[in-house]
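This is what each chain is made of:
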Amino acid sequence: MRAWELMKETFLRRRHIWIVHLTWLVFYGLFWWLFLPDPEEYGGFLFLWGGFLLPLALSAGIMGDDIASGRMCVLVTKPFWLGEVYLYRLLGLSLQAALHFILAGCVILVLHLVTRKGTMAGLGLWFLACWLLFNTYAALSTSLSVVIKGVHNSLLLFLGTLTLSAVAAMVIWNLQDHPMAEVVKGFFRYPFPPFEFLGHLGKGDYAKQTLALGGAGIPKSVACAAHSLILTTIYAGIGVRLLTRRQFSTHRD
Amino acid sequence: MLLVQPDQGPPSHHDAQTAVECTQLTKVYKKLLARRTRTVCALKQVSLSVCRGQIVGLIGPNGAGKSTLLNLVAGLILPTEGQVTVCGHPARSVKARDGLGYMPEHPAFLGGYSARATLRYHGALLGLSRGAITRQVDRSIQQLQMQEFIDRPCSDFSQGMKQRLALATAIMNDPQVLLLDEPSNGLDPVGIIQLRDLLKQLRDSGTAIVISSHRLGELEKLTCDYLFMHRGQIITLADQAAAGAGEHVRVGLVSDGPRLAETLLPASQVLDVSETELVLAVNDPADVPDIVTQLAKGGARITSVVLQRENIEETFLRLCNEGCNP
């Protein structure tokens with residue numbers, strides 16, 4: 001019961017949540033309908049909107065709203081481990097995303113059947129990559145929300161990702177032939193949400209390697225998925241630790 | 001209630017009747033300002049214990065540390081020094097929270113949830129079964145007269161409705177310790193009477209209740225155990241202070257008040273004097289006939305004699321003045 005209620009409120013906590021889902025589904029449909037993209041372009045679009053922007057929209061103020069309103073003060077006095085609030089909310093977001101991507105797949109399938117345009121080939125891998133990226137961003141955003149009041153966690157994460165991507169691109173460009181280039185790439189690849197690896201997974205690069213090299217791509221796919229899940233776990237662990245150690249009122253009467 | 005002053009040291013053992021125990025509690029808030037850190041000591045070495053079946057009122061001016069004390073007992077914040085136990089368990093532990101009910105000053109709920117959904121949500125957080133939640137919800141609706149708005153969304157609630165719902169969620173688990181921060185905020189007179197009756201019922205069933213409130217008149221009807229706080233310290237127990245201050249008698253006169261006071265009464269006994277009234281301190285109501293006889297013999301033409309006792313409001317003001325000018 002407790003788990004279900006905590007997961008359920010990730011959908012019901014704000015009225016904009018279902019509007020976000022609906023809007024995103026409409027975008028997926030419109031993009032398919034208007035631009036007739038090839039699977040790779042369409043996958044990139046899904047990856048950006050579903051894997052990166054969707055978690056930011058759904059997790060905006062997921063903890064910060066409650067901390068700012070004082071609602072968290074009542075949750076803190078209930079007899080259960082406070083980390084459950086974090087974990088079940090993250091699980092709630094992840095389940096929402098899974099349902100969201102299933103619905104997105106249905107929308108695209110219907111459009112494909114009606115218009116007889118485009119191809120569904122490879123979209124399954126893109127949806128998997130989207131869901132994995134969603135989870136890492138949702139965990140990161142939820143952890144930020146523990147320390148940042150209101151909805152600023154998502155805004156900060158959005159700006160942080162843009163800045164970091166720009167810095168990474170600039171640094172790697174300047175170090176193209178430098179022996180330190182791989183070290184720098186590693187710094188940007190491993191501790192941050194794995195855009196690059198999951199992008200390869202979605203494109204089917206690892207699957208192509210499997211066909212070409214006879215199974216060598218499977219460990220890469222598994223390692224890629226494991227990497228994103230480990231990052232999600234680390235971000236969530238930090239969030240749980242912050243939440244359980246946090247003080248919830250510096251208010252003085 | 002046992003109040004332990006700092007110089008007396010902490011209580012030596014945990015009593016089964018003790019619901020809340022604070023030992024040498026200090027809380028310092030640190031605020032990062034532009035280029036320096038500002039510290040505010042909100043509580044200074046406060047020790048106290050509250051027994052089961054007791055209502056304790058926390059009174060004091062703004063900034064006295066009342067909410068800080070409540071927050072520490074609720075486990076919302078951590079003490080800088082000292083320790084708090086609730087039902088024998090450290091505050092903030094799951095076991096301590098098992099017997100705790102807390103109602104904040106400004107309750108907040110999910111706007112899209114109705115009062116019924118909110119109660120069900122809190123029941124689920126408490127780990128109750130589906131059947132138990134339904135029973136508790138029905139009981140809460142009856143206890144707090146929430147029939148009219150039980151299915152309305154919380155975003156439409158008035159302050160009074162929010163207070164009722166917050167109290168209902170706080171007492172859902174039949175807590176052994178109930179912490180209330182300004183519980184009568186926004187309640188109508190009927191709601192205040194219902195709240196008072198409910199709190200008395202809870203007290204009679206063994207719940208220890210700690211109330212922080214500025215509504216002294218309301219508090220006076222619930223309990224005579226007050227802790228007067230000022231600048232982060234418990235100055236005194238208000239009922240002891242009231243007893244120490246004693247009662248006073250107002251003697252109405254036709255005239256000649258100043259002369260009578262000067263010639264017949266010791267200066268320390270005269271609190272106020274005017275041409276037609278004397279206000280005199282009395283340690284014991286049995287002294288009043290002697291005072292009246294003494295005045296009459298001295299030629300006073302008495303029109304009225306009224307014995308008055310300092311109420312909680314007057315005690316509060318006096319302690320505030322004493323606290324500000326020790």
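It should be emphasised that the depicted structure is a prediction, and the values quoted were computed from it without experimental measurement.

Engineer: I keep staring at the overall build of chain A and nothing clicks. Help me out?
Structural biologist: Across its full length, chain A holds twelve helices and zero strands. Start at the N end of chain A and walk to the C end: the helices and strands fall as α-α-α-α-α-α-α-α-α-α-α-α. Looking at the 253 residues of chain A, the share that counts as buried comes to 50%. Carbon together with sulfur atoms contributes 73% to the accessible area of chain A, which is approximately 12000 Å² in total. If you average the places of the 20 positive and of the 13 negative side-chain charges in chain A, the two averages end up 7 Å apart.

Engineer: Just to check I follow, could you spell out the nonpolar core for this structure?
Structural biologist: Soluble globular proteins tend to bury their nonpolar side chains together. Y28(A), Y42(A), M63(A), Y86(A), L243(A) and L179(B) are the most contacted members of the largest nonpolar core, which totals 100 residues. Setting aside residues up to four positions removed in sequence, L179(B) forms contacts with L70(B), V73(B), A74(B), L100(B), G101(B), Y102(B), M103(B) and V210(B). Core analysis: the second largest hydrophobic core is formed by 44 residues, A170(B), L178(B), L199(B) and C320(B) among them.

Engineer: Help me understand the environment of P55(A), please; the structure alone is not making it clear to me.
Structural biologist: Residue and element names in this part refer to chain A. You can see P55 is positioned in helix α3 (residues 39–58). The buried category is assigned to P55, whose relative accessible area is 0%. On a C-alpha basis, the gap between P55 and Y190 in space is 20 Å, while along the polypeptide they are 135 residues apart. Every residue in contact with P55, bar those within four places of it in the chain, is listed here: G50, F134, Y137 and A138.

Engineer: Can you walk me through the interface of chain A and chain B in this structure?
Structural biologist: Between chain A and chain B, the residue contacts involve 32 residues of the former and 43 residues of the latter. For the chain A and chain B pair, buried surface summed over both sides reaches about 3200 Å², with 56% attributable to carbon and sulfur atoms. Of all elements in the fold, only α1 (2–12), α5 (71–76) and α12 (217–245) of chain A reach the threshold of two or more residues within the side of chain A that touches chain B. Looking at the side of chain A that touches chain B element by element, the count peaks at six residues for α1(A). Among the residues forming the side of chain A that touches chain B, the class breakdown is twelve nonpolar, seven polar and 13 charged.

Engineer: Is there a simple way to think about the sheet that holds strand β14 (residues 277–282) of chain B in this case?
Structural biologist: What links the strands of a sheet is backbone hydrogen bonding, and the strands pair in either a parallel or an antiparallel sense. All names here are of chain B. Strand order in the open sheet made by the four strands is β13-β14-β12-β15, with antiparallel pairing throughout. Edge positions in the sheet fall to β13 (270–273) and β15 (302–309), since each has one partner strand and no second. Each neighbouring strand pair of the sheet contributes to a mean axis angle of 15 degrees, computed without reference to strand direction. Two elements, strand β12 (residues 247–253) and β15, share seven bridges in a ladder whose sense is antiparallel. Within the sheet, the bridge partner assigned to V251 lies in β15 and is V305. Packing of helix α10 (residues 288–297) onto the sheet brings it into contact with β12, β14 and β15, and relative to β15 it is tilted by some 155 degrees.

Engineer: How do you make sense of a nonpolar patch on the surface when you look at a structure like this?
Structural biologist: All names here are of chain A. A grouping of F11, L12, W18, I19, L22, V26, L30, W33, L34 and F35 is seen on the molecular surface, where their side chains present a nonpolar patch of about 1000 Å² in accessible area. Of all the secondary-structure elements, those providing two or more residues to the nonpolar patch are α1 and α2 (16–35). Top element by residues in the nonpolar patch is α2. It accounts for eight residues. Here V26 is to be found in helix α2.

Conventions and cut-offs
- Residues numbered from 1 in each chain as written.
- Chains lettered and ligands numbered in written order.
- Predicted model: local features only at pLDDT ≥ 70, side-chain atom pairs only at ≥ 80, totals over all residues.
- Heavy atoms only, no water.
- Helix = DSSP H or I, 4+ residues; strand = E, 2+ residues; numbered from the N terminus.
- Buried < 20%, exposed > 50% of the residue type's maximum accessible area, 1.4 Å probe, protein only.
- Areas by Shrake-Rupley, 256 points an atom, 1.4 Å probe, with all protein chains shown as cover.
- Lys, Arg positive; Asp, Glu negative; His and termini not counted.
- Charge placed at Lys NZ, Arg CZ, Asp CG, Glu CD.
- Core = buried A, V, L, I, M, F, W, Y, C linked by side-chain atoms within 4.5 Å.
- Contact = heavy atoms within 4.5 Å.
- Buried area = accessible area lost by both parts, 1.4 Å probe.
- Nonpolar A, V, L, I, M, F, W, Y, C, P; charged D, E, K, R; others polar.
- Pairing = 2+ DSSP bridges.
- Axes fitted to C-alpha atoms, helices over the stretch in contact; angles between N-to-C directions.
- Patch = residues over 30% accessible without salt bridge, like charges linked within 9 Å, V, L, I, M, F, W, Y side chains within 5 Å.
- Salt bridge = Lys/Arg side-chain N within 4 Å of Asp/Glu carboxyl O.

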